[in-house]
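# Structural overview
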Amino acid sequence: NAGVTQTPKFRILKIGQSMTLQCAQDMNHNYMYWYRQDPGMGLKLIYYSVGAGITDKGEVPNGYNVSRSTTEDFPLRLELAAPSQTSVYFCASSYGALGSPLHFGNGTRLTVT
Amino acid sequence: QQQVKQSPQSLIVQKGGISIINCAYENTAFDYFPWYQQFPGKGPALLIAIRPDVSEKKEGRFTISFNKSAKQFSLHIMDSQPGDSATYFCALSGGGSQGNLIFGKGTKLSVKP
């Protein structure tokens, strides 16, 4: 039972480059989320999805895009990477919304230089 | 606007002692209050959660105390162990958050042997 799988684990980007962070879950969860975690700042919600084909912005969506073509996958796209996007990115999934535990992946550490 | 304030930022406790982490919020519409535990290099994982219809919930050595009138909730770790050393996040949802979790900034707990 893999749970939530994120790839890659680490990545270094140059300013202006683009990349896609991959996230897959095998729990048949409808809800999926992308958070970023900066030191001392907790987790901030970037985007979320309540099902295939449905996505919505979270607290800090600027500079990111997402798509949800299947229940299992929820990739996060960074266009024109900036140093401010240096962070640890976590993907999570849950069975429902309120009251359902979030299951997190182990994160992608991204550095933009 | 910070919707949940978590304190302290860091905490050092001797083995066998009690660890106490506090969170305060302002929006009375929140109605789900989980705590997440995160070990280095891993994603957060749900530790324990409470709803506002009870004032306390205990699971093993971990207890949430909830004070609805004061809009505060806290995590108590009894008989703290070195294996409890981790970062702890309070969170809340409900109200205008569309069911999405809003996280505190985290408390790094170190339990000394």
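Preceding this paragraph is the structure being described.
I will try to describe carefully the structure that is included in this document. (Residues numbered from 1 in each chain as written. Chains lettered and ligands numbered in written order. Predicted model: local features only at pLDDT ≥ 70, side-chain atom pairs only at ≥ 80, totals over all residues. Heavy atoms only, no water.)

Turning next to the environment of A:Lys9. Residue and element names in this part refer to chain A. Looking at the element boundaries, lysine 9 is found in the loop between strand S1 (4-7) and strand S2 (10-13). Residues lysine 9 and arginine 68, spaced 59 residues apart in sequence, show a C-alpha to C-alpha distance of 21 Å. Residue contacts for lysine 9: discarding those within four places in its chain leaves Gly107, Thr108 and Arg109. (Helix = DSSP H or I, 4+ residues; strand = E, 2+ residues; numbered from the N terminus. Contact = heavy atoms within 4.5 Å.)

This next bit is on the packing of aromatic side chains. Applying the stated criterion across every chain, the model contains 16 aromatic pairs over all chains. A centroid spacing of 6.3 Å and a plane angle of 85° characterise the contact between A:Phe90 and A:Phe104, whose relative ring orientation is edge-to-face. Here A:Phe90 is found in strand S9 (residues 87-94), whereas its partner A:Phe104 is found in strand S10 (residues 103-104), with 14 residues between them in sequence. Take A:Phe90 and A:Phe104: they sit in the same class, and that class is buried. With 4.7 Å between their ring centres and 50° between their planes, B:Phe33 and B:Phe66 make a pair best called tilted. (Phe/Tyr/Trp six-rings, centres within 6.5 Å; stacked < 30°, edge-to-face > 60°. Buried < 20%, exposed > 50% of the residue type's maximum accessible area, 1.4 Å probe, protein only.)

Before going further, it helps to spend a moment on the pattern of salt bridges. Residues and elements named next belong to chain A. Here the structure, examined in full by the defined rule, presents five salt bridges over all chains. Taking the shortest distance from any N to any O, the salt bridge between arginine 36 and aspartate 38 comes out at 3.1 Å. Side by side, arginine 36 and aspartate 38 carry an identical accessibility label, which is buried. Residue glutamate 59 pairs with lysine 44 through a salt bridge whose shortest N-O separation is 3.6 Å. Within this pair, whereas glutamate 59 is found in the loop between strand S6 (54-57) and strand S7 (64-66), its partner lysine 44 is found in strand S5 (residues 43-51), the two being separated by 15 residues in sequence. Overall, the relative accessible area of 24% leaves lysine 44 in the partly exposed class. (Salt bridge = Lys/Arg side-chain N within 4 Å of Asp/Glu carboxyl O.)

Shape is all these values report; function is a separate question.
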